[in-house]
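Working through the structure, step by step
Letter by letter, the chains look like this.
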Amino acid sequence: MDRAKPFCIAKREVWEAYKQVKVNRGAAGVDGQSIEDFDKDLSKNLYRIWNRMASGSYFPPPVRRVDIPKGDTGATRPLGIPTVADRIAQMVVKRHLEPILEPVFHRDSYGYRPGKSAHDALVKARQRCWARDWVLDLDIKSFFDEIDWNLLMRAVRRPTDCPWVLLYLERWLRAPVSMPDGTLVARESGTPQGAVVSPVLANLFLHYAFDLWMQREYPTIPFERYADDAICHCGNEAEALELRQALEQRFAACRLRLHPEKTKVIYCKDANRPGEYPERSFDFLGYTFRSRTAIGRNQKRFVSFIPAVSDKAAKRIRLEVRRWRMHLRSDLELDEIARWTRPFLSGWVRYYGRFYPSKLREELRTIDAFIVRWVTRKYKRFRRHTLAAWDWLRSLKRRNLTMFAHWTLESAAG
């Protein structure tokens, strides 16, 4: 470490930040430089980042704007892609902030935190939906785009007064956006989705705007928050409606807005809750919570309020499977197709198969239909013998249940 530099940043920290960025991969920023390009002159590139950060002369380049599809409505979500070097610089700041913030953050804040996951939030939400009859499903409108910089920096200054952290966060917030046509657009609020440091800043902002406020004003109402997605559990409808009104005022004071249509009061209907209300389901982290038939420990069926893969997530999966055009790949053997599709299928099964796996199993049956179409095209003996192809597939499953990841769901109960 060079003591002559105005900021005390260890070279080792830049190296550790680089290793994390390399693992996360990611697309190139405005300079077109990939991770592989960056690695060609690794020592020099890392030294340049450290030297500029430690001397106070690091200025982030513009963020490359990419619009990604948002659901199946045709709408898009703006994503900001920093350069590789900028991601490393941001990771240095993130690594400095996380150990300071982790002990401070609320236990029911789950998003982008070490040791916490979306499944943890879903488990807790499921338990609390069983215990309480009503849910307030919050949707903050354009959260990442509308975070107020002055309020955000005020939140950052509470846990840290580190001068280089404050300096570079200010510079990142003000970095312009490079649009697809190459024009530069100045920003006046928000933090780009896609920036390494954005998740920790979002958590910090909502820690003060929401988590601590709930703890202070409504200590008896539990919640789960994953980044800007939050679920509050209320004892009755009146409590949920009162909380919604109070949160509208609270977020307005923090210069944020609740989405008027997407923020809803939900009745958690099940066998012990016979009431009829218009809203009886909600989506949270890719799962839909609603009443479903379940099997108890005594093997008897009953109606419970539980999560399963959401219709939106299932539709995205089906569209991805269709894009593979698996049935046309008669140039491949089946084990080659299995290897090619395994990362996708394993990821879906691990995430969406955690709760009510029978729903995911139904959604993934389309893959078996594609396999049958594949075998009828590849082998003459199965042409015009679809029933025989299905028999062949069932026999294959019995012999090799792990060949395709979704086959392991066959024995899973809902």
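Since this is a predicted model, take the numbers as computed values, not measurements. (Residues numbered from 1 in each chain as written. Predicted model: local features only at pLDDT ≥ 70, side-chain atom pairs only at ≥ 80, totals over all residues. Heavy atoms only, no water.)

So, the overall build of the chain
Broken down by element type, the chain carries 14 helices and 11 strands. In terms of overall dimensions, the chain has C-alpha extents of about 75 × 60 × 40 Å along its principal axes. Relative to its 414 residues, the chain shows a buried fraction of 48%. Sequence-distant contacts, at least 24 apart, represent 68% of the contacts inside the chain between residues at least 6 apart. Here the chain displays about 20,900 Å² of accessible surface, and carbon together with sulfur accounts for 49% of that area. Treating the 74 positive side-chain charges of the chain as one cloud and the 50 negative ones as another, the clouds have centres 5 Å apart. (Helix = DSSP H or I, 4+ residues; strand = E, 2+ residues; numbered from the N terminus. Buried < 20%, exposed > 50% of the residue type's maximum accessible area, 1.4 Å probe, protein only. Contact = heavy atoms within 4.5 Å. Areas by Shrake-Rupley, 256 points an atom, 1.4 Å probe, with all protein chains shown as cover. Lys, Arg positive; Asp, Glu negative; His and termini not counted. Charge placed at Lys NZ, Arg CZ, Asp CG, Glu CD.)

Structural notes on the packing of aromatic side chains
Enumeration according to the criterion identifies 29 aromatic pairs in this entry. Centre to centre, the rings of Trp213 and Tyr218 are 5.7 Å apart; their planes meet at 50°, and the pair counts as tilted. Overall, the relative accessible area of 9% leaves Trp213 in the buried class. Relative to Trp392, the ring of Phe382 lies with its centre 6.0 Å away and its plane at 50°, an arrangement referred to as tilted. In this pair, Phe382 sits in the loop between α13 (357-378) and α14 (386-399) while Trp392 sits in helix α14, placing the two residues 10 residues apart along the sequence. Here the aromatic residues Phe7, Tyr58, Tyr168 and Trp172 are joined through ring pairs into a cluster of three or more. We note Arg292 situated over the ring of Tyr356; from NZ or CZ to the ring centre the distance is 5.6 Å. (Phe/Tyr/Trp six-rings, centres within 6.5 Å; stacked < 30°, edge-to-face > 60°. Lys NZ or Arg CZ within 6 Å of the ring centre and 35° of its normal.)

Description of the sheet that holds strand β2 (residues 76-81)
Ordered by their spatial adjacency, 4 strands build an open sheet running β2-β1-β4-β5, and the pairing between neighbours is mixed. Both outer strands of the open sheet, β2 and β5 (184-185), are each paired with one neighbouring strand and no more. Inspection of the sheet shows strand β1 (residues 63-69) paired to strand β4 (residues 177-178) by 2 bridges, in the parallel sense. Directly across from Val63, in β4, lies its bridge partner Val177. (Pairing = 2+ DSSP bridges.)

Some points on the pairing of strand β7 (residues 229-234)
In summary, the side chains of a regular strand alternate between the two faces of the sheet. In terms of residue burial, β7 counts as a mostly covered element, since 5 of its 6 residues are buried. Where strand β3 (residues 134-139) and β7 come together, 6 bridges link them in antiparallel fashion. Following the sheet pairing, Val135 is matched in β7 by His233. Direction of pairing for strand β6 (residues 223-226) relative to β7: antiparallel, over a ladder of 4 bridges. Residue pairing in the sheet places Glu224 in a bridge with Ile231 of β7.

Looking at the side chain of Asp137
Locating Asp137 in the fold gives a position in strand β3. For the buried residue Asp137, which engages in no salt bridge, the nearest side chain bearing the opposite charge is Lys264, 7.0 Å off. With near-sequence residues (within four places) excluded, Asp137 lies in contact with Asp229, Ala230, Ile231, Lys262, Thr263, Lys264, Ile266, Phe282 and Asp283. (Salt bridge = Lys/Arg side-chain N within 4 Å of Asp/Glu carboxyl O.)

A few points about helix α4 (residues 84-101)
In this model, α4 (18 residues) spans 25 Å end to end at C-alpha, consistent with the 26 Å of a helix rising 1.5 Å per residue. For α4, every residue scored as buried is listed here: Val84, Asp86, Arg87, Ile88, Ala89, Gln90, Met91, Val92, Val93, Leu97 and Leu101. Buried residues belonging to α4 abut α1 (11-24), α2 (35-39), α3 (42-55), β2, α8 (163-174) and α9 (198-217). (Expected span 1.5 Å × (residues − 1).)

Here's the deal with the pattern of salt bridges
One pass over the structure, following the stated rule, counts 31 salt bridges. Between Glu36 and Arg25 there is a salt bridge, with its nearest N and O atoms 2.4 Å apart. Placement of the pair is Glu36 in helix α2 and Arg25 in the loop between α1 and α2, with a sequence separation of 11 residues. Measuring nitrogen to oxygen at the nearest pair gives 3.9 Å for the salt bridge that ties Glu170 to Arg174. Note that Glu170 and Arg174 are positioned in helix α8 at a spacing of 4 residues, about one turn of the helix. Salt bridges linked by common partners bring Asp311, Arg318, Lys359 and Glu363 together as one network.

Digging into unusual backbone geometry
A positive phi is found at Arg25, a non-glycine position, where the angle reads about 60°. Accessibility expressed as a relative area gives 40% for Arg25, which makes it partly exposed.

So, a positive patch on the surface
A cluster of basic residues, Lys70, Lys141, Lys262, Lys264, Lys312 and Arg316, forms a positive patch on the protein surface. Note that Lys264 resides in strand β8 (residues 264-267). Taking the relative accessible area as the measure of exposure, Lys264 reaches 31% and is therefore partly exposed. (Patch = residues over 30% accessible without salt bridge, like charges linked within 9 Å, V, L, I, M, F, W, Y side chains within 5 Å.)

Some remarks on the packing of α9 against helix α10 (residues 237-253)
With their axes 11 Å apart at the nearest point, α9 and α10 run at an angle of 150° to one another. Note that α9 runs across α10; the crossing there is right-handed. Of the residues in α10, those in contact with Leu206, Tyr208, Ala209, Phe210, Trp213 and Met214 of α9 are Leu243, Ala246, Leu247, Arg250 and Phe251. (Axes fitted to C-alpha atoms, helices over the stretch in contact; angles between N-to-C directions. Left-handed = near helix turned anticlockwise from the far one by under 90°.)

Regarding α13
The end-to-end C-alpha distance of α13 is 31 Å, a good match for the 32 Å that 22 residues give at a rise of 1.5 Å each. Of all the bends in α13, the greatest measures close to 35° and is centred on Glu363. With 16 of 22 residues buried, α13 lies mostly within the body of the structure. (Bend = angle between axes of the 7 residues up to and from the residue.)

Digging into the confidence of the model for the chain
The predicted coordinates of low-pLDDT regions are not to be read in fine detail. Confidence in the prediction of the chain, expressed as mean pLDDT, is 92, and 97% of residues score 70 or more. The weakest mean pLDDT in the chain belongs to β2 at 84; the strongest belongs to β6 at 98. (pLDDT = per-residue confidence, 0-100.)

Digging into the packing of α1 against α3
Closest axis-to-axis distance for the α1/α3 pair is 10 Å, and the angle between their directions is 120°. When the interaxial angle is binned, α1 and α3 end up oblique. When you trace α1 past α3, the crossing you get is right-handed. In this structure, α1 uses Lys11, Val14, Trp15 and Tyr18 to contact α3, whose residues at the interface are Leu42, Leu46, Tyr47, Ile49 and Trp50. When its residues are assigned to classes, the contact of α1 with α3 shows 8 nonpolar, no polar and 1 charged. (Parallel < 35°, antiparallel > 145°, perpendicular 65-115°, else oblique. Nonpolar A, V, L, I, M, F, W, Y, C, P; charged D, E, K, R; others polar.)

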